[in-house]
Amino acid sequence: MRSWTARALLCLRQEAARSADTHLLRLEFPGFPGIEFYFKDEAAHPTGSLKHRLARSLYLYALCNGRLSPGQPVVDASSGSTAISEAWFARMLGLPFTAVMPTATAPRKIADVHALGGHCDLVDDPAQVHERAAWHAANGACHLDQFGLAERATDWRGNNNIAESIIGQLACEPHPHPAWIVCGAGTGGTSATIGRYIRYRALETGLCVAEPAGSGFVHGWRTRDRNAIASQPTVIEGIGRPKVEPGFLFEVVDEVIEVADAASVAAMHLLEEQLGRRYGGSSGTNLVACLELAARMRAAGECGSIVSLLCDPGERYDQTLYDPAWLADNGIDPAPAQAALRATLATGDWHPPA
């Protein structure tokens, strides 16, 4: 057992050493002179998303805590991107993997898990994914438990975490200490890592969580109620949880901005125009929050930089968020929101994309 664990840990260290850091892309918009926007392209990871870092950390955590044995099945609850990354690492370590996913997960994500040798256990009620993952664990699987363990599995002080990487990449920029870092909250692990690192480095940077309107995190953060639940569903996968997950730390978040689904979709298309490639809906959510914060800064006469994340590639949503017929079936019209966001980009004044 110990010798297999040592080999598995070596395999993960070798993979980390082979992996380059992700690019920090800079954008400037006409309405915001003196404010630079940076987007960390986490879609460039081998498994195509921000969750590549998390999946590696979860396997390291399971191995170092003696929870993962040779040949043991692995399970986790995921809406897709984490599952894809976890399936990739499971294949690397020669372990069977099952992702418990909502049935409504984007078909491309389900296909990607299958392509990596994983199995998808689809659940009609998204609220039941945790219970189903626990069932697999009770039957012998190692539950990676991204929602329960993300914030403790990631080393927030360093070890190439995403916060350390961002601050290092900004070192030679006009405003090396950003006014804001913006991210979404799925497990809460990314916001916990960034928020802790900001405090560890004694930076004055604010942390903003960009969330689909009415999510559990929105209500929980505003009321400091860990039992808060969402007041409306969302089609933006990976964020907008129905409840407050254990890894979401209220105390390290300085602002939460709600973003309507139509605005996230509209911003997703604006990112494609600016960067020449497609990104997923949560990247659009982040852009909307960045623009609202920038408008506040401009109104206050402030200069500085704002950093956010490009979370996963848009190709995973060809049959959903990028499909006009699918959007129409789900009652989403991004055109009004896109007009409002274009006005914000041009003038620097905040035009709410409601």
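Anything mentioned here points back to the structure above.
Note that the structure is a prediction, hence the values are computed from the model and not measured.

Rules behind the numbers
- Residues numbered from 1 in each chain as written.
- Predicted model: local features only at pLDDT ≥ 70, side-chain atom pairs only at ≥ 80, totals over all residues.
- Heavy atoms only, no water.
- Helix = DSSP H or I, 4+ residues; strand = E, 2+ residues; numbered from the N terminus.
- Buried < 20%, exposed > 50% of the residue type's maximum accessible area, 1.4 Å probe, protein only.
- Contact = heavy atoms within 4.5 Å.
- Areas by Shrake-Rupley, 256 points an atom, 1.4 Å probe, with all protein chains shown as cover.
- Lys, Arg positive; Asp, Glu negative; His and termini not counted.
- Charge placed at Lys NZ, Arg CZ, Asp CG, Glu CD.
- Salt bridge = Lys/Arg side-chain N within 4 Å of Asp/Glu carboxyl O.
- Pairing = 2+ DSSP bridges.
- Axes fitted to C-alpha atoms, helices over the stretch in contact; angles between N-to-C directions.

Participant: Any chance you could explain the overall build of the chain here in plain terms?
Facilitator: On a plain count of helices and strands, the chain comes out with 13 helices and 10 strands. Projecting the C-alpha coordinates of the chain onto the three principal axes gives extents of approximately 60 × 45 × 40 Å. In the chain, buried positions account for 58% of the 354 residues. Within the chain, contacts between residues at least 6 apart in sequence are counted, and of these 75% link residues at least 24 apart. With the model as given, the accessible surface of the chain reaches about 14000 Å², and the carbon-plus-sulfur share is 51%. On the chain, the mean spot of the 30 positive side-chain charges and the mean spot of the 39 negative ones are 8 Å from each other.

Participant: Can you help me understand the pattern of salt bridges in this one?
Facilitator: Opposite charge on two side chains permits them to pair, given that their charged atoms come into close proximity. Taken as a whole and assessed by the stated rule, the structure comprises 21 salt bridges. Between Glu292 and Arg296 there is a salt bridge whose closest N-O contact spans 3.1 Å. Placement of the pair is Glu292 and Arg296 together in helix 11 (residues 281-299), with a separation of 4 residues, close to one helical turn. A relative accessible area of 17% places Glu292 in the buried class. In this structure Arg296 comes out as partly exposed when scored by relative accessible area, which is 38%. One connected set of salt bridges, linked through shared partners, spans Asp21, Lys40, Glu42 and Arg53.

Participant: Explanation requested: unusual backbone geometry in the structure shown.
Facilitator: Generally, phi is negative for residues other than glycine and the peptide bonds are trans, each holding for most cases. Even without being a glycine, Asp145 presents a positive backbone phi close to 55 degrees. For Asp145, the position within the fold is in the loop between strand 6 (142-143) and helix 6 (146-153). Here Arg224, not a glycine, exhibits a phi torsion of approximately 60 degrees, which is positive. The residue Arg224 is located in the loop between helix 9 (216-223) and strand 9 (255-259) in this model. Residue Arg224 is classed as partly exposed on the basis of its relative accessible area, which comes to 46%.

Participant: So what exactly am I meant to see when it comes to the sheet that holds strand 8 (residues 206-212) here?
Facilitator: Whether parallel or antiparallel, the strands of a sheet pair through hydrogen bonds between backbone atoms. Ordered in space as 1-2-10-7-8-9, the 6 strands form an open sheet in which the pairing is mixed. This sheet does not close on itself; its edge strands, each paired only once, are strand 1 (24-27) and strand 9. Adjacent strand axes in the sheet meet at a mean angle of 25 degrees, parallel and antiparallel pairs treated alike. In terms of strand pairing, strand 7 (residues 180-183) meets strand 8 through 4 bridges, oriented parallel. By the bridge assignment for strand 8, Cys183 is matched with Val209.

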